[in-house]
Amino acid sequence: AQSVTQLGSHVSVSEGALVLLRCNYSSSVPPYLFWYVQYPNQGLQLLLKYTSAATLVKGINGFEAEFKKSETSFHLTKPSAHMSDAAEYFCAVSFGGATNKLIFGTGTLLAVQP
Amino acid sequence: GAVVSQHPSRVICKSGTSVKIECRSLDFQATTMFWYRQFPKQSLMLMATSNEGSKATYEQGVEKDKFLINHASLTLSTLTVTSAHPEDSSFYICSAREIGGDYGYTFGSGTRLTVV
């Protein structure tokens, strides 16, 4: 079955420290991978997406992610955390096609300590 | 960029009544829209895929008669929660994908439904 797994429901970092949020997928076909951020009581904002082009994807707000097929991973990183990065982050996967649905991971709540 | 407008943002209704939530793509056309439900501190669970001009495709375990979906045009999908009960209280989010777009999914800002 095709799925996506986020390791770590809660991650806490200090302001200025590296942010690493983990995401692994399971798929028998090439996936399209996404990272979204959600602030309380709001919808989702796209951070970045991988759609079979460059394996290192740069997104908004200084985030980037690398698609590693051998590890079936798409971890999200940011070199230096800001207080404003505190939010819920979701990894999601789609398996191509114009109408294919997006399947979400369980989410990781990022806390940034001053 | 692509914008999806979702209304209302919050609604409180009495048990037994019905509530309609609208999802509009403002600057693009979408043959497919998606409806998600999110419980507090949990992930988004796909409820159904809304297809313009045809019946919606519901995920396993989602009651079709309770959550009515209509996708009447290329820019509008509606979710109606019928005969609402307190257990239907949740955060509902819609998403749309642009025809011929670059595989991006744009999300609405969500609707907080409270059934009392």
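The following refers to the structure shown. (Residues numbered from 1 in each chain as written. Chains lettered and ligands numbered in written order. Predicted model: local features only at pLDDT ≥ 70, side-chain atom pairs only at ≥ 80, totals over all residues. Heavy atoms only, no water.)

**Description of the state of the cysteines**
Link 1 in the chain: The tally for this structure, following the rule as stated, stands at 2 disulfides over all chains.
Link 2 in the chain: One disulfide bridge connects Cys 23 of chain A with Cys 91 of chain A, the sulfur atoms lying 1.9 Å from each other. Taking the sign of the torsion about the S-S bond as the criterion, the disulfide between Cys 23 of chain A and Cys 91 of chain A, at about -60°, is left-handed. With Cys 23 of chain A in strand β3 (residues 19-26) and Cys 91 of chain A in strand β9 (residues 87-94), this residue pair connects regions lying 68 residues apart in the sequence.
Link 3 in the chain: Taking the relative accessible area as the measure of exposure, Cys 23 of chain A reaches 1% and is therefore buried.
Link 4 in the chain: Each disulfide pairs two cysteine sulfurs, and for Cys 23 of chain B the partner residue is Cys 94 of chain B, the sulfurs being separated by 2.0 Å. On the S-S bond that ties Cys 23 of chain B to Cys 94 of chain B, the torsion sits near 80°, and the link is right-handed. Note that Cys 23 of chain B is positioned in strand β3 (residues 19-25) and Cys 94 of chain B in strand β9 (residues 90-97), a separation of 71 residues in sequence.
Link 5 in the chain: Cys 94 of chain B gets classed as buried once you look at its relative accessible area, which sits at 0%. (Disulfide = S-S within 2.5 Å. Helix = DSSP H or I, 4+ residues; strand = E, 2+ residues; numbered from the N terminus. Buried < 20%, exposed > 50% of the residue type's maximum accessible area, 1.4 Å probe, protein only.)

**Overview of the sheet that holds strand β1 (residues 4-7) of chain B**
Note: strands within a sheet are paired through backbone hydrogen bonds, in either parallel or antiparallel orientation.
All names here are of chain B.
Link 1 in the chain: Reading across from one edge, β1-β3-β8-β7 is the order of the 4 strands in this open sheet, with antiparallel pairing throughout. Looking at strand neighbours, the two that pair on one side only are β1 and β7 (67-73), the edges of this open sheet. In this sheet, adjacent strand axes meet at a mean angle of 15° when their direction is disregarded.
Link 2 in the chain: Across 4 bridges, β1 lies against β3 in antiparallel orientation. Its bridge partner lying in β3, Val 4 is registered against Ser 25. (Pairing = 2+ DSSP bridges. Axes fitted to C-alpha atoms, helices over the stretch in contact; angles between N-to-C directions.)

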